[in-house]
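This is what each chain is made of:
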Amino acid sequence: MKKNKTQKPRPKKRKKRPSRTRRTLKLICLVTVLLTASLAGYLFYLSTEIDKRFSGRRWSIPSKVFSDTTILYPGQEIHKVSLEKKLRNLGYRNVNYKPREKGEIRFLKNTWELFLNDLQVPHTNRKGFPLLLTFKGNHIHSILNLQTQKPIPLFELEPELLMLFFGPEREQRRLISIKEIPGHTIQAVLAAEDNRFYEHFGMDPLSILRALYVNLRHGDIRQGGSTITQQLAKNYFLVPERTFTRKIKEVFLAVTMEFTLAKDEIIEIYLNEIYLGQKGSISINGIGEASRFYFGKHPGRLTLDEGAVLAGLIRAPNLYSPYADKERCTLRRNTVLKAMNKLGWISQEQMAKAISKPVRPSGYESYRKQAPYFVDYVSSQLSSLYPAEALSSLGLSIYTTLDTEVQRAAEAALVRGLKRLGPFDAGQEPNTKPQGALLVIQPKTGYILAMVGGREYGESQFNRLTQARRQPGSAFKPFVFLTGLDHFTPATRFSNEAKTYRIEGKPWNPKNYSPIPDKEVTMRTALAKSINLATVDLAIKAGLDRVVETALSFGFSSRFTPSPSLALGSFEVIPLELACAYCAFAADGSLPQPLSVKDVMDEKGKSMERRYMTVRKVTTPAKAFIMTSMLQSAVLEGTGRGLKALGIDFPVAGKTGTTNDLKDAWFVGYTPELLTLVWVGFDHAKPLPGSASDVALPIWADLMKEVKQHLSGGWFVMPPGVVGKEICIESGQLALPSKCPQRRREFFLEENAPKEYCTLHADYDPMERLIKGVKNLIRNF
């Protein structure tokens, strides 16, 4: 029997393990997929951010506040020095040849040749043209359009920039399209910064290698390898730090930007973005703003050499600025021109001609907010419509009513007037110096032409015209006399005798500012000579409650109480409200709403807000005319009679006001065209060194002599409802020409005019009176 052999179990087959190489490859593939996915996700994220950033508002553009335009016409009286200052502020450049470009002017003896800038304001879009202004003395004699060789009846000068609503960056720029920029200026920028811009994909390896070679050869950083797209990515999305991580982000952003945006779009954004210098504390950004800052012109008019200057600034604006170092700027410009020639973009002849030209910047004045009290007032008016963030970013154009010539004259007149009050230390506290305020307004429209709220805005931003409340004193009296016109006439006589009145149980004894011997005075005389006792008598007889009603109807926000002291202006008023109330006398009884803003336009020129003048009737044209007539007497015969000695040779109506202890001095005076209010006093109510006639009146006269171009010299026309009669001053009745010794022409409301002839002098014999007079003289002798 065979013995079975025991079979050995077969060993199991081992599974072959993947080799190390294959595992590594798989890992690499996985990592690559993950990195690619991450990179794709990151690039998609960047693309989304770029699209979001550039599809909306690309820059915060500060809104601009402009003055009103200035109209000039033949026959107009002008102040040449003031007009020259205005033209300089508008950027007109004085040249010694016949003006060839917009913004150039040549001053000759009796003629000015100027090439007007374009005018783009609400309702007007006019291209600039050359004209000839001829003068005869202080008047414009003729205006000739040099293009058509025809005389023109008038022209408008563009508005002045008053202020910019800056954001925290304080950047100033004017956005322009690439189509507005000359081709040579774009080529200059490319030659200076990135000559292969239209060939690379956002980063340029050749430029990086070339920059690396140059920097190694010189042992320091002479060139950068960043493309224009990289520079734009850095400025828009990254913080200014020198790290490897930031550089990588910059490359990714640049490449993504190239796939997202067209080349022309990238260069346009870049030319609007780049930093190109400093104007005081203001950053100059973009070619549009820089061309005006350095050369005073629109970028479309830049010459080859000027474009090369701006291109050369990009590397180091404050180092190569023509305002900092003209020689260094010239060398840098020439370097750019040579690079353009080397690239074949300009010929040898063009290069040589451009290099031969000197660098001539237009000059500039550091940014300064003009008419600061007025601009603050405008800001407060706009705050209900636009938040501060909108004003600092939306690029609005805000057109106002301000006349810069009147404003500058007002500021100067106030400074001179306050200096006349005596010397004050520069380091003295503002509230210990005499202060003043001055407002010029068109009475029929309410347009504010000038606003000065204090002696020095830098010391105190408190606007004494709109924020202060001061006692008006006698400047309030016209509203008492207006109330009296319902029952009395300018010829009515009132008591000038001292009386005691009771106010809240206490005796009150008003007094005249200076002795007046007459026991009675007419209504006209009482207002003209500001006689307190007669004014209080009138207020009591007219009714104190009715005086309060009159004052409130004229727009005062003060709380009045019907007490006898009301007649003498013992309460406080806001000066702006007082000025507007007087406007009704000069505007046929219509009270205007003070207007500072006319139009608000968006950055594309579309109207967003338009303000129209608003008026309401508060009295009749007849009463307003009679009040103006009596206020003219105040200037001719009363407390304002000093105007003639101060050089005022045109008709004026107005009223002074001086409060108790000389703490406030006022003069409100007007013509048919302008109303001007002057207030002088101390913030802490310290007495002034004189009355309103000594303190406020000279400031008013000083200003009005400087703004005669706004005055016609005419006077108010008597409206229906008023009659003029010759009366006897003593009786107030119709005068007997051969018998009444004192006569004058007086104005009356038609219904209140006297109908009877004088009974006081009915039996008057002029010869008998003459004999008596001679006898009295002999007796006295």
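Scroll up to find the structure.
Model, not experiment: these values are computed from the prediction.

### Quick word on the overall build of the chain
Helix and strand counts for the chain stand at 24 helices and 31 strands. Out of the 781 residues in the chain, the part that is buried amounts to 51%. A separation threshold of at least 6 residues defines the contact pool for the chain, and within that pool the share at least 24 residues apart is 68%. As displayed, the chain has an accessible area near 39300 Å², and 54% of this comes from carbon and sulfur atoms.

### Remarks on the packing of helix H8 (residues 286–295) against helix H9 (residues 304–313)
Viewed as axis vectors pointing N to C, H8 and H9 meet at an angle of 115 degrees, and their least axial separation amounts to 11 Å. Of the possible angle classes, the one that applies to H8 and H9 is roughly perpendicular. Considering only the axes of H8 and H9, their crossing is right-handed. Facing Ile287, Ala290, Ser291, Tyr294 and Phe295 of H8, the residues of H9 in contact are Glu306, Val309, Leu310 and Leu313. Taken together, the residues of the contact of H8 with H9 sort by class into seven nonpolar, one polar and one charged.

### A word on the sheet that holds strand E4 (residues 104–107)
Spatially, E3-E4-E5-E8-E9-E10 is the arrangement adopted by the six strands of the open sheet, whose pairing is mixed. Among the strands making up the open sheet, the edge pair consists of strand E3 (93–94) and strand E10 (150–151). Across three bridges, E4 lies against strand E5 (residues 111–115) in antiparallel orientation. Each bridged residue has a counterpart across the sheet, and for isoleucine 105 the counterpart in E5 is leucine 114. Packed on one face of the sheet, helix H2 (residues 80–89) meets E4, E5 and strand E8 (130–136) and runs near 15 degrees to E5.

### Some details on the pairing of strand E17 (residues 434–441)
Of all eight residues that make up E17, eight are buried, and the element is covered over most of its length. Residues Pro434, Gly436, Leu438 and Val440 of E17 are buried on one face, and the alternating residues Gln435, Ala437, Leu439 and Ile441, pointing to the opposite face, are buried as well. Summarising the sheet, E17 and strand E29 (residues 675–682) pair through eight bridges and their orientation is antiparallel. Its bridge partner lying in E29, valine 440 is registered against threonine 676.

### Description of the side chain of aspartate 194
Here aspartate 194 is to be found in the loop between helix H3 (183–193) and helix H4 (205–218). Lysine 263 is the oppositely charged side chain nearest to the buried, salt-bridge-free aspartate 194, at an N-O distance of 6.4 Å. Within the structure, aspartate 194 has its side chain in polar contact with the backbone nitrogen of isoleucine 228 (distance 2.9 Å).

### Some points on the sheet that holds strand E14 (residues 275–279)
Reading across from one edge, E13-E15-E14 is the order of the three strands in this open sheet, with mixed pairing throughout. Every interior strand has two partners, whereas the edge strands, strand E13 (171–172) and E14, have only one. Two strands pair when backbone bridges link them, and E13 and strand E15 (residues 282–285) are joined in this way by two bridges, in the parallel orientation. Bridge pairing in E15 places glutamine 172 opposite isoleucine 284. Of the strands in this sheet, E13, E14 and E15 are in contact with H8, which crosses E14 at around 40 degrees.

### Focus on the side chain of glutamine 76
Residue placement: glutamine 76 occurs in the loop between strand E2 (70–72) and H2. The contact partners of glutamine 76, leaving out residues within four places of it in the chain, are Ile71, Asn138, His139, Ile140 and Gln709.

### Some details on the pattern of salt bridges
Enumeration over the complete set of coordinates arrives at 30 salt bridges. A salt bridge links arginine 173 to glutamate 273, with the nearest nitrogen and oxygen atoms 3.5 Å apart. You can see arginine 173 sitting in the loop between E13 and H3 and its partner glutamate 273 sitting in helix H7 (residues 263–273), a full 100 residues away along the chain. Assessed through its relative accessible area of 11%, glutamate 273 is described here as buried. The closest approach of N and O atoms between aspartate 599 and arginine 610, which form a salt bridge, is 2.9 Å. Here the residue aspartate 599 occupies a position in strand E24 (residues 597–601), and arginine 610 occupies one in strand E25 (residues 607–610), the gap between them amounting to 11 residues. Taking relative accessible area as the criterion, aspartate 599 reaches 7% and is therefore assigned buried. With a relative accessible area of 33%, arginine 610 lands in the partly exposed category. What you see here is one network of salt bridges that share partners, running through Glu101, Lys297, Arg301 and Glu306.

### Digging into the packing of aromatic side chains
Within this structure, the stated rule accounts for 26 aromatic pairs. For the ring pair phenylalanine 197 and tyrosine 198, a centre distance of 5.0 Å and an interplane angle of 80 degrees mean the geometry is edge-to-face. Given the relative accessible area of 0%, phenylalanine 197 is considered buried. Relative accessible area serves as the criterion here: at 43%, tyrosine 198 is assigned to the partly exposed category. Arranged with centres 5.1 Å apart and planes meeting at 85 degrees, the rings of phenylalanine 625 and phenylalanine 747 form a pair that is edge-to-face. One end of the pair, phenylalanine 625, is in helix H21 (residues 621–636); the other, phenylalanine 747, is in strand E31 (residues 743–749), with 122 residues separating them in the sequence. Phenylalanine 747 matches phenylalanine 625 in its accessibility class, with the two residues each being buried. What links up through ring pairs into an aromatic cluster is the set Phe476, Phe479, Phe554, Phe556, Phe560, Phe571, Tyr582 and Phe585.

### Some points on the environment of glutamate 756
With respect to the element layout, glutamate 756 can be found in the loop between E31 and helix H24 (766–780). When its relative accessible area of 54% is taken as the criterion, glutamate 756 is described as exposed. As a C-alpha pair, glutamate 756 and glycine 732 span 24 residues in sequence and 9.8 Å in three-dimensional space. Residues within four places of glutamate 756 in sequence aside, it is in contact with Gln733 and Leu734.

### Details of empty space enclosed by the protein
Counted under the stated rule, the structure contains one cavity of 30 Å³ or more. Of the volumes computed, that of the largest cavity is approximately 40 Å³. Around the largest cavity, the lining residues are Phe585, Asp588, Pro621, Ala624, Phe625, Thr628 and Phe716. In terms of residue count, H21 provides more of the lining of the largest cavity than any other element does, four residues in total. When its residues are assigned to classes, the lining of the largest cavity shows five nonpolar, one polar and one charged.

### Remarks on the pairing of E5
Buried residues dominate E5, accounting for five of its five residues. Connecting the antiparallel pair E4 and E5 is a turn made up of three residues. Bridge count between E5 and E8: five bridges; the pairing is antiparallel. What sits directly across from leucine 114, in E8, is leucine 131.

### Observations regarding helix H18 (residues 532–542)
By the criterion of burial, H18 is predominantly enclosed, with nine of the 11 residues buried. All of the buried residues along H18 are Asn532, Leu533, Ala534, Thr535, Val536, Asp537, Leu538, Ala539 and Ala542. After H18 finishes, the residue glycine 543 shows a positive phi value of roughly 105 degrees.

Thresholds, definitions, all that
- Residues numbered from 1 in each chain as written.
- Predicted model: local features only at pLDDT ≥ 70, side-chain atom pairs only at ≥ 80, totals over all residues.
- Heavy atoms only, no water.
- Helix = DSSP H or I, 4+ residues; strand = E, 2+ residues; numbered from the N terminus.
- Buried < 20%, exposed > 50% of the residue type's maximum accessible area, 1.4 Å probe, protein only.
- Contact = heavy atoms within 4.5 Å.
- Areas by Shrake-Rupley, 256 points an atom, 1.4 Å probe, with all protein chains shown as cover.
- Axes fitted to C-alpha atoms, helices over the stretch in contact; angles between N-to-C directions.
- Parallel < 35°, antiparallel > 145°, perpendicular 65-115°, else oblique.
- Left-handed = near helix turned anticlockwise from the far one by under 90°.
- Nonpolar A, V, L, I, M, F, W, Y, C, P; charged D, E, K, R; others polar.
- Pairing = 2+ DSSP bridges.
- Lys, Arg positive; Asp, Glu negative; His and termini not counted.
- Salt bridge = Lys/Arg side-chain N within 4 Å of Asp/Glu carboxyl O.
- Polar contact = N/O pair within 3.5 Å; in protein donor to acceptor, adjacent residues only side chain to side chain.
- Phe/Tyr/Trp six-rings, centres within 6.5 Å; stacked < 30°, edge-to-face > 60°.
- 1 Å grid on protein atoms, 1.4 Å probe; cavity = no way out; pocket = protein on both sides within 12 Å on 5 of 7 lines; lining within 4 Å.
- Points joined across faces, edges and corners; volume = space filled by probe spheres on them.

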